[in-house]
Protein chains: 2
Amino acid sequence: MTQLHLNLFLHDTGHHEASWRLPESDPHAHLGIEYHERLARIAEAAKFDSVFLADSPVLWGQVGRRPSGKLEPTLLLAALARATSRIGLIATASTTYNDPFNLSRRFSSLDHISGGRAGWNVVTTAGDDAARNFGLDGQPAHFDRYERADEFLHVAKKLWDSWDDDAIVADKERGVHAEADRVHTVDHEGRYFRVRGPLNVPRSPQGHPVLVQAGSSEDGKGFAARHAEAVFTAQQTLAEAKAFYADIKDRARTAGRDPDHVKVLPGLVPVIGATEAEALAADAELDRLIVAEYARGQLAKLLRVDPESLELDRPLPADLPSEDEIEGAKSRYTLVVELARREELTVRELIGRLGGGRGHKTFAGTPEQVADTIEHWFREGAADGFNIMPAVLPSGLELFATEVVPILRQRGLFRTEYTGTTLRDHYGLPRPANPFSRSLAVV
Amino acid sequence: MTQLHLNLFLHDTGHHEASWRLPESDPHAHLGIEYHERLARIAEAAKFDSVFLADSPVLWGQVGRRPSGKLEPTLLLAALARATSRIGLIATASTTYNDPFNLSRRFSSLDHISGGRAGWNVVTTAGDDAARNFGLDGQPAHFDRYERADEFLHVAKKLWDSWDDDAIVADKERGVHAEADRVHTVDHEGRYFRVRGPLNVPRSPQGHPVLVQAGSSEDGKGFAARHAEAVFTAQQTLAEAKAFYADIKDRARTAGRDPDHVKVLPGLVPVIGATEAEALAADAELDRLIVAEYARGQLAKLLRVDPESLELDRPLPADLPSEDEIEGAKSRYTLVVELARREELTVRELIGRLGGGRGHKTFAGTPEQVADTIEHWFREGAADGFNIMPAVLPSGLELFATEVVPILRQRGLFRTEYTGTTLRDHYGLPRPANPFSRSLAVV
Ligand SMILES: Cc1cc2nc3c(=O)[nH]c(=O)nc-3n(C[C@H](O)[C@H](O)[C@H](O)COP(=O)(O)O)c2cc1C
Ligand SMILES: Cc1cc2nc3c(=O)[nH]c(=O)nc-3n(C[C@H](O)[C@H](O)[C@H](O)COP(=O)(O)O)c2cc1C
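Looking at an unreviewed UniProt entry, one finds chain A named FMN-dependent oxidoreductase (Nitrilotriacetate monooxygenase family), with Saccharothrix tamanrassetensis as its source organism. Taken from UniProt, the Sequence similarities (unreviewed entry) comment for chain A reads in full: "Belongs to the NtaA/SnaA/DszA monooxygenase family."

Below, the structure written as structure tokens:
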């Protein structure tokens, strides 16, 4: 039977915005490398497919609200590569605020350093604040960001392929280290980039990093269908998750790809208790610690309204813009507005629902109940696996690893041992062939 | 007595271009993380101040000639940070082909990950080939590159200072993680950059990485005087090295800085033998392994002439351009031309002289003789320490660590133990004050 995949989404003291206020939490953890090593080792011992770090090139949100400012993910994962040996390492990086040569090289380097465990969550970075760190007055339009991302990936793949797998011959006798005709310029000239190449790193163990995508707008899904090998997504209901899953697989098929090679991983914020009541109490305690003013400010920013217009004990204002008018994070915007409307939530209730996972599904229950939810979504065709986002770290991860993972194993849903060594092996993804390679050219 | 500083310049199988052809060398070492860890650990056991990685965002030179393609240095050093605990970690990065927000963040992250051991070798990147990986037809003019570097550093320092040292209060009771008024926008608007800030990483253990500079042209020295805390340089003779040393210290003084806070570190390529004859034989064997065609091509590129115009057994052509006409690596150009003219070298001889260290001083001798040279240059006021560039790695480093370092210690010239924990501690450099900080504002 097909098994499911588990990715651990690392996030300082946990995904719940108030997790850092718990007595158990170290509020300096986000800057501590040992802390991240500890989390990665727990996930590896539990045989997770991968760990993942989100990112944005901007100081995001209010600094009072929660630990903010983050170590740059590709560097952090390079360090984690040496504290682990099997688990995959997925870093987020923006195609809007990087350039292809340098970034392709960093991911190739991470793949070499980790022995083939690198993944790249390709994002286009919503928001004007990030743009202002890069000489712009505001974010490029949503469509343009995705168009640039498309060209970026096109160049990146050419660069990763610019060395044939067998370019290095290391012939000491002849004095030939690499064969010059097995290293190729890429000579890309496009709308956004002109890049000569070749890359200054030989082809990496995985050929190139596993490409992950995390935007769920129309443009985002189109991009995923063309490039992504795994898709992170926030889904609140089983029905929506199934529709999203089917949509992604369809689009991949239409793009001429094997839908099995695009893994769909919805986010899940588990809050685990020995009894359901305990889990619900832990969840309520976290929500009690939310500072409403911070959360309201954040929500107002997402909705692009004045914070004052959001009254805590009233529903969202009726006259919000449609997704078309949003140039930032389109799909997240729609998810939040629909959630509030569908469940008729007040602003305060909505803030509580978003506090755990910023729009990802939160589920509080016993280990058995968490495993049931996972199995249900998996069997119903809503997910190839899950992006696990513990509300509190490390304790929420420890509970998941010791209490939930064994149940998934008993049910035959999750591996007991790694069977391969690369991130591609774990997710069952093929190693990309090298289009330049002479053996292929002969066929 | 003041002691000298030692930096290890890592370079795959060694600085000699033919080192990879020796039976002992692993020609895949440049892509191996364990190999780099091993070298860093040897240097740390010998109490070197730092290890250093050169870099350029381009595939440099001919791929047949020697191991080419390199792991990106900030990632590699993030991994090495976890294999070591005291030694400094200096990565090269270009101000011409990076942007300040992302790069400042990477160095801040490296400083956090390493517990205050990060250094940045700030270079402006000579050559048209690099430019063509970034949408340009050729390199920006030498002057413009340094002007951009100046503004880059100005922005970087503002970003590194954008969080007060005491910004994070982690007040769980009040629900305030960091004080908003201790985190500052930088609002830079200049000729090359517009950056809003603040940085998305809190201030790092060293305040900011140690700033190293490695260009010796007039513009380069001016830049060093303004920003550098250590200067790498290639010097062929004691007289030139003394003049360079005095010049840098003078310029630092004129710029209003303490000349003691700019360490001058000439490169030294030691080839060590039990007897002088053995050392000379090892050196000759390396030179014998140079492939003249490669080396001639490389030299022609530096001199900007047709390779055919360089006859192996004749002197350099008479009609070479002056340094003024060179827009690439000005000081290296002049060094090479002057070396050839001063010593009346043929092209073949010049190639041999450059094969070991690309213009850095090569010295073949016994451990005692190597120590004598180091002591002589140090006492004569030509160096605050040395950039050690073993011709062959790891063996040349092992020999230096076990044979030369103990002699330097006996003479009271080099530490027996680290006395601090940060790279600034090792080099005796002050931690930069935070100009935004409220305590200073009161003064
Ligand atoms: C699990 C998950 C993680 C994400 N991580 C990031 C991230 O680290 N950085 C980022 O800019 N966007 C991230 N996103 C994507 C943003 O939500 C995305 O910018 C937004 O959805 C815009 O894409 P869209 O307009 O296509 O929906 C993530 C999304 C998901 C579902
Ligand atoms: C020890 C040493 C290491 C250097 N490393 C680099 C490097 O990694 N990348 C680079 O672009 N330049 C490096 N340089 C500097 C180049 O030589 C420099 O680009 C060249 O000297 C141009 O600077 P200039 O025109 O000011 O002389 C290094 C120089 C020295 C002395």
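Here the narrative resumes, following the displayed structure.
Participant: Pulling in residues and values, what's your account of the site of ligand 1?
Facilitator: Residues and elements named next belong to chain A. The local shell around ligand 1 holds 25 residues, among which Asp 55, His 142, Tyr 146, Ser 217 and Ser 331 are the closest. Between ligand 1 and Asp 55 there is a distance of 2.6 Å, counted from an oxygen atom to a backbone nitrogen or oxygen. The contact in question runs from an oxygen atom of ligand 1 to an N or O atom on the side chain of Ser 217, over 2.5 Å. Alone, ligand 1 offers 610 Å² of accessible surface; in the complex the protein occludes 91% of this. Elements represented by at least two residues in the shell around ligand 1 include exactly β4 (118-123), α5 (142-160), β10 (230-233) and α10 (330-342).

Participant: I'd like a description of the packing of helix α5 (residues 142-160) of chain B against helix α6 (residues 218-227) of chain B, backed by residues and values.
Facilitator: All names here are of chain B. Here α5 crosses α6 at 10 degrees, and the two axes come no closer than 10 Å. What the angle tells us is that α5 and α6 run roughly parallel. Touching His 142, Phe 143, Tyr 146, Ala 149, Asp 150, Leu 153 and Lys 157 of α5 are Asp 219, Gly 220, Phe 223, Arg 226 and His 227, all from α6. Partitioning the contact of α5 with α6 into residue classes produces five nonpolar, three polar and four charged.

Participant: Account for the pairing of strand β11 (residues 263-272) of chain B, with residues named and values stated.
Facilitator: All names here are of chain B. Of all the 10 residues making up β11, 10 are buried; the element is thus mostly covered by neighbouring parts of the structure. Going residue by residue along β11, you find Lys 263, Leu 265, Gly 267, Val 269 and Val 271 tucked away on one face and Val 264, Pro 266, Leu 268, Pro 270 and Ile 272 tucked away on the opposite face as well. Of the pairings in the sheet, the one linking strand β10 (residues 230-233) to β11 comprises four bridges and is parallel in character. In the strand pairing of β11, Thr 233 is matched with Pro 266. The β-α-β motif built from β10, the intervening helix α7 (residues 238-254) and the parallel element β11 has right-handed crossover chirality. The pairing of β11 with strand β13 (residues 385-388) spans two bridges and is parallel. The residue of β13 that forms the bridge with Gly 267 is Asn 387.

Participant: Tell me about the UniProt feature "binding site: FMN" (unreviewed entry) in chain A, and name the residues and values.
Facilitator: Taking the UniProt record as the reference, the feature "binding site: FMN" (unreviewed entry) is found at Asp55(A), Thr92(A), His142(A), Tyr146(A), Ser216(A) and Ser217(A). Mapped onto the elements, Asp55(A) comes out in the loop between β2 (50-53) and α2 (73-81). Classification of Asp55(A) by relative accessible area gives buried; the value is 18%. Setting aside residues up to four positions removed in sequence, Asp55(A) forms contacts with Lys70(A), Pro73(A), Thr92(A), Val123(A) and Arg105(B). Within the structure, the side chain of Asp55(A) is placed 2.7 Å from the side chain of Arg105(B), a separation counted as a polar contact. The topology assignment puts Ser216(A) in the loop between β9 (210-213) and α6 (218-227). Beyond its immediate sequence surroundings of up to four residues, Ser216(A) is in contact with Lys221(A), Thr233(A), Phe244(A) and Ser331(A). A polar side-chain atom of Ser216(A) sits 3.2 Å from a polar atom in the side chain of Thr233(A).

Participant: Tell me about the site of ligand 2, and name the residues and values.
Facilitator: Residues and elements named next belong to chain B. Neighbouring ligand 2 are 24 residues; Asp 55, His 142, Tyr 146, Ser 217 and Ser 331 lie closest to it. For ligand 2, an oxygen atom lies 2.6 Å from a polar atom in the backbone of Asp 55. Interatomic distance of 3.5 Å between a side-chain N/O atom of Thr 92 and an oxygen atom of ligand 2. Contributions of two or more residues to the shell around ligand 2 are made by β4 (118-123), α5, β10 and α10 (330-342).

Participant: Lay out the pattern of salt bridges with the relevant residues and their values.
Facilitator: Residues and elements named next belong to chain B. Counting across every chain of the model gives 80 salt bridges over all chains. For the salt bridge of Arg 415 with Asp 49, the shortest nitrogen-to-oxygen distance reads 2.7 Å. Taken as a pair, Arg 415 in the loop between α13 (395-410) and α14 (423-427) and Asp 49 in the loop between α1 (33-45) and β2 (50-53) lie far apart in primary sequence, 366 residues in all. In this pair, the class of Arg 415 matches that of Asp 49, namely buried.

Participant: Just give me the short version of the interface of chain B and chain A, but keep the residues and values in it.
Facilitator: Of the residues lining the interface, 75 residues belong to chain B; the matching set on chain A comes to 75 residues. The three residues of chain B that bury the most area against chain A are Leu75(B), Lys172(B) and His177(B), which together make up 13% of that side's buried surface. Here chain B is connected to chain A by eight salt bridges. In this structure, Arg82(B) engages Glu34(A) in a salt bridge whose closest nitrogen and oxygen atoms are separated by 3.9 Å. In this assembly, chain B and chain A are joined by 44 residue pairs in polar contact (both at pLDDT 80 or more). Sorting the residues of the side of chain B that touches chain A by element identifies α1, α2 (73-81), α3 (100-113), β5 (168-171), β6 (176-178) and β8 (194-195) of chain B as the ones contributing at least two each. In terms of residue count, the dominant contributor to the side of chain B that touches chain A is α3(B) (eight residues). Of the residues in the side of chain B that touches chain A, the class split is 37 nonpolar, 18 polar and 20 charged.

Participant: Go over the relation of the copies chain B and chain A, please, and point to the residues and values.
Facilitator: Under the fitted operation, chain B is carried onto chain A by 0.0 Å of movement along the axis and a turn of 180 degrees, and the coordinates agree to an RMSD of 0.0 Å. Read as a symmetry element, the transformation amounts to a two-fold axis. Distance from the rotation axis, computed per C-alpha, reaches its smallest value in chain B at Ala79(B): 2.1 Å. The residues that chain B uses at the interface reappear at the interface of chain A in 100% of cases, marking a shared surface.

Participant: Mind laying out the UniProt feature "domain: Luciferase-like" (unreviewed entry) in chain A, listing which residues take part and the relevant values?
Facilitator: Taking the numbering used here, the UniProt-annotated feature "domain: Luciferase-like" (unreviewed entry) corresponds to residues 27-381 of chain A. Secondary structure within residues 27-381 of chain A divides into 42% helix and 14% strand; the distance between the first and last C-alpha atoms comes to 38 Å.

Participant: Can you explain the side chain of Lys221(B)? Please cite residues and give values.
Facilitator: Residue placement: Lys221(B) occurs in helix α6. For Lys221(B), the contacting residues outside a window of four places in its chain are Gly215(B), Ser216(B), Phe244(B), Asp247(B), Ile248(B) and Arg251(B).

Conventions and cut-offs
- Residues numbered from 1 in each chain as written.
- Chains lettered and ligands numbered in written order.
- Predicted model: local features only at pLDDT ≥ 70, side-chain atom pairs only at ≥ 80, totals over all residues.
- Heavy atoms only, no water.
- UniProt positions renumbered as here; feature names shortened; annotations may be inferred.
- Near = heavy atom within 4 Å.
- Polar contact = N/O pair within 3.5 Å; in protein donor to acceptor, adjacent residues only side chain to side chain.
- Areas by Shrake-Rupley, 256 points an atom, 1.4 Å probe, with all protein chains shown as cover.
- Helix = DSSP H or I, 4+ residues; strand = E, 2+ residues; numbered from the N terminus.
- Axes fitted to C-alpha atoms, helices over the stretch in contact; angles between N-to-C directions.
- Parallel < 35°, antiparallel > 145°, perpendicular 65-115°, else oblique.
- Contact = heavy atoms within 4.5 Å.
- Nonpolar A, V, L, I, M, F, W, Y, C, P; charged D, E, K, R; others polar.
- Buried < 20%, exposed > 50% of the residue type's maximum accessible area, 1.4 Å probe, protein only.
- Pairing = 2+ DSSP bridges.
- Right-handed = clockwise from strand over helix to strand, strands pointing away.
- Salt bridge = Lys/Arg side-chain N within 4 Å of Asp/Glu carboxyl O.
- Buried area = accessible area lost by both parts, 1.4 Å probe.
- Least-squares fit on C-alpha atoms with pLDDT ≥ 70 in both.

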